[in-house]
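Take a look at the letters that make up each chain.
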Amino acid sequence: MSFNHKIILVFGGAGFIGSNFIRSILAKYSKTKIVNFDKLTYSGNLDNLKDVSKDRRYCLVKGDVANSKQIAAVFKKYKPDFVINFAAETHVDRSIHVGALEFVRTNVEGVFNILEAVKQSKKVIKYVQVSTDEVYGSLALDSKKKFTETTVFAPNVPYAATKAGGDLLCRSYFSTWGVPVVVTHCSNNYGPYQYPEKLIPFLITRMLENKKLPMYGDGKNVRDWIYVLDHCRALELCLLNGESGEVYNIGADAEMNNLQIAKMTLSHFKRDDSWIEFVADRPGHDRRYAIDSSKIRKELGWLPDHNFKKAFFDTMEWYLTNQKWIDSIRKKTGVFNPHIDLWRAHKIKNKKSS
Ligand SMILES: NC(=O)c1ccc[n+]([C@@H]2O[C@H](COP(=O)([O-])OP(=O)(O)OC[C@H]3O[C@@H](n4cnc5c(N)ncnc54)[C@H](O)[C@@H]3O)[C@@H](O)[C@H]2O)c1
């Protein structure tokens, strides 16, 4: 199976992973059409797709996944063969400090609307729901355990809980109506075009602003890092060859704690550890994530291509050579992660009063 002569409907394609996915598919399949349906929230950025925006195989539809009429209209007009959903509220800090309602609308109601449309469609071959390892909760730092596809969901923050809600709806639509849906759980991504509220571009922008690097808690929280194009390739395989009703974990075996990431960033800027500032921990902060991706490796033949250290420094270079991209987002959305400053203020206040 190939995507040539097929139409792929991408939800949330103007964000970080979605834009990388669209670019990689257009580069690989000359006869594919991609429809990108995106609400263009603060993290949706048309600059991420500037290079493909005039490609006749690509078009943008501005819309909201929580609006069932808009979803029905886009299915009716374009009659997609494949559907993939990246559209989500994705920032854990926002789900805590700004509120979880938008997360429920987009991450649960949005998935419901897409499932309903796929169920009505006679044409969709596969729908891939892009989800996260955060639905599985937290692992102990001193354990060797990893998340498998049968690990029980135990989300600790509203972001993860709403993603889990969407995933469970997918499961039920397959079991009840045979809707051809696959759910993926991927670990933390890094690479170009990531909105700078997320750890790696956040630390880089702090350095560029000559500001200290804030670290939640003791900085020892571990994430399992994957280069974004390795994730995109796994999603391509899930769309083409994934078994409907199945779940696939995606990870590249690169466990690093936040402090290690901060120190690698500092070394690139030739600065010492005094640039790290510990701040009060985030509530519900999961200690460790680690993905067992043996199923997708064995069943779909996927393997990550990128070495962590090299891809990490290449990513840093990308942000350094694309500071105009950062500046234009800053102009539109202001400070990147105001929530961490809330915690900084909290810590400073506590110090003064103690
Ligand atoms: N970034 C990671 O490390 C990571 C890891 C695992 C899984 N994921 C999952 O991958 C997906 C994409 O993540 P990302 O990092 O690219 O996110 P992102 O925040 O960069 O992009 C999200 C996109 O969705 C769009 N969107 C938001 N609400 C919408 C709505 N109501 N209707 C239509 N479009 C809407 C935004 O405009 C944006 O273009 C998410 O589902 C996320 O849960 C991300």
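Residue positions are given per chain, counting from 1 as you read along its sequence in written order. Per-residue local features of the predicted model are confined to residues with pLDDT of at least 70, and side-chain atom pairs are confined, for both listing and counting, to 80 or more; whole-chain, interface and lining totals are unaffected and use all residues.

Novice: Looking at this model, I keep getting lost on the packing of helix H1 (residues 16-28) against helix H7 (residues 228-241). Mind explaining?
Specialist: Working note: a packed helix pair is described by the angle between its axes plus the distance between those axes. Throughout, an axis means a line fitted to C-alpha atoms (over the contacting stretch in the case of helices), and angles, computed between N-to-C directions, take values from 0 to 180 degrees. The helix and strand labels rest on DSSP assignments: H or I over at least four residues marks a helix, E over at least two residues marks a strand, and numbering proceeds from the N terminus. At their nearest, the axes of H1 and H7 sit 9 Å apart, and the two run at 65° to each other. Taken together, the axis directions place H1 and H7 in an arrangement best described as roughly perpendicular. At the point where H1 passes H7, the crossing takes the right-handed sense. Residue-level contacts link Phe16, Ile17, Asn20, Phe21, Ser24 and Ile25 of H1 to Val228, Leu229, His231, Cys232, Leu235 and Glu236 of H7. Each residue gets one label: Ala, Val, Leu, Ile, Met, Phe, Trp, Tyr, Cys and Pro are nonpolar, Asp, Glu, Lys and Arg are charged, and the others, such as Gly, are polar. A class-by-class count of the residues in the contact of H1 with H7 yields eight nonpolar, three polar and one charged. Oblique is the label for any angle not under 35 degrees, not over 145, and not in the 65 to 115 range, which are roughly parallel, roughly antiparallel and roughly perpendicular in turn. For a crossing to be left-handed, the near helix must be turned anticlockwise from the far one by less than a right angle; the clockwise case is right-handed. We call two residues in contact when their backbone-placed C-beta atoms lie within 7 Å.

Novice: What am I meant to see in the sheet that holds strand E4 (residues 82-85) here?
Specialist: Backbone hydrogen bonds are what pair the strands of a sheet, in a parallel or an antiparallel way. Pairing between strands is defined by DSSP: at least two bridges between the two strands are required. Taken in spatial order, the seven strands line up as E3-E2-E1-E4-E5-E6-E10 in an open sheet, and their pairing is parallel. One side of each edge strand has no neighbouring strand; the edge strands of this open sheet are strand E3 (58-62) and strand E10 (247-250). The average angle at which neighbouring strand axes cross in this sheet is 20°, direction not considered. As paired strands, strand E1 (residues 7-11) and E4 are joined by four bridges and run parallel to one another. By the bridge assignment, Val10 is partnered in E4 with Ile84.

Novice: What's the story with the site of the ligand in this structure? I'm lost.
Specialist: Among the 30 residues in the neighbourhood of the ligand, the closest are listed as Gly12, Gly15, Ser43, Gly44 and Ala88. Broken down by secondary-structure element, the contributors of at least two residues to the shell around the ligand are H1, helix H4 (101-120), strand E5 (126-132) and strand E7 (188-190). With three residues, the top contributor of residues to the shell around the ligand is H1. When the residues that make up the shell around the ligand are grouped by side-chain class, the tally is 13 nonpolar, twelve polar and five charged. For each residue, a C-beta atom is placed from the backbone, and the residue counts as near a molecule or strand when that atom lies within 6 Å of it.

Novice: Honestly, the environment of Ser172 in this entry has me stumped. Any pointers?
Specialist: Residue placement: Ser172 occurs in helix H5 (residues 158-177). Classification of Ser172 as partly exposed rests on a count of 13 C-beta atoms within 10 Å. Comment: burial labels come from other C-beta atoms within 10 Å of the residue's own C-beta, placed from the backbone, where a count of 20 or more is buried, 12 or fewer is exposed, and between is partly exposed.

Novice: Whenever I open this one, the sheet that holds strand E11 (residues 255-257) confuses me. Can you help?
Specialist: Pairing is mixed in the open sheet, where three strands are placed in the order E7-E9-E11. At either end of the open sheet lies a strand with only one pairing partner, and these are E7 and E11. In this sheet, neighbouring strand axes are inclined to one another by 50° on average, regardless of whether the strands run parallel or antiparallel. Sheet analysis places strand E9 (residues 222-227) next to E11, joined by three bridges and oriented antiparallel. Paired with Arg223 across the strands is Met256, a residue of E11.

Novice: Is there a simple way to explain unusual backbone geometry in this structure?
Specialist: Note: most residues except glycine have negative phi, and most peptide bonds are trans. Residues other than glycine seldom take positive phi values, yet Tyr193 does so here, at roughly 70°. Within the secondary structure layout, Tyr193 lies in the loop between E7 and helix H6 (199-208). For Asn210, which is not glycine, the phi torsion reads 60° and is therefore positive. Tracing the backbone shows Asn210 in the loop between H6 and strand E8 (213-216). The exposure class assigned to Asn210 is exposed, which follows from the 9 C-beta atoms found within 10 Å.

Novice: Please clarify how the pairing of E1 should be interpreted in this entry.
Specialist: Strand residues, when the strand is regular, have side chains that alternate between the two faces of the sheet. Taking burial as the measure, the five residues of E1 include four buried ones, the bulk of the element. Bridge count between E1 and strand E2 (residues 33-38): five bridges; the pairing is parallel. Within E2, the position partnered with Leu9 by the bridge is Val35. Note on handedness: a crossover is taken as right-handed if, strands pointing away from the viewer, the path from the first strand over the helix to the second is clockwise. In the classification by handedness, the crossover that spans E1, the intervening H1 and the parallel E2 is right-handed.

In short, the description is geometric, and any link to function would need to be established separately.
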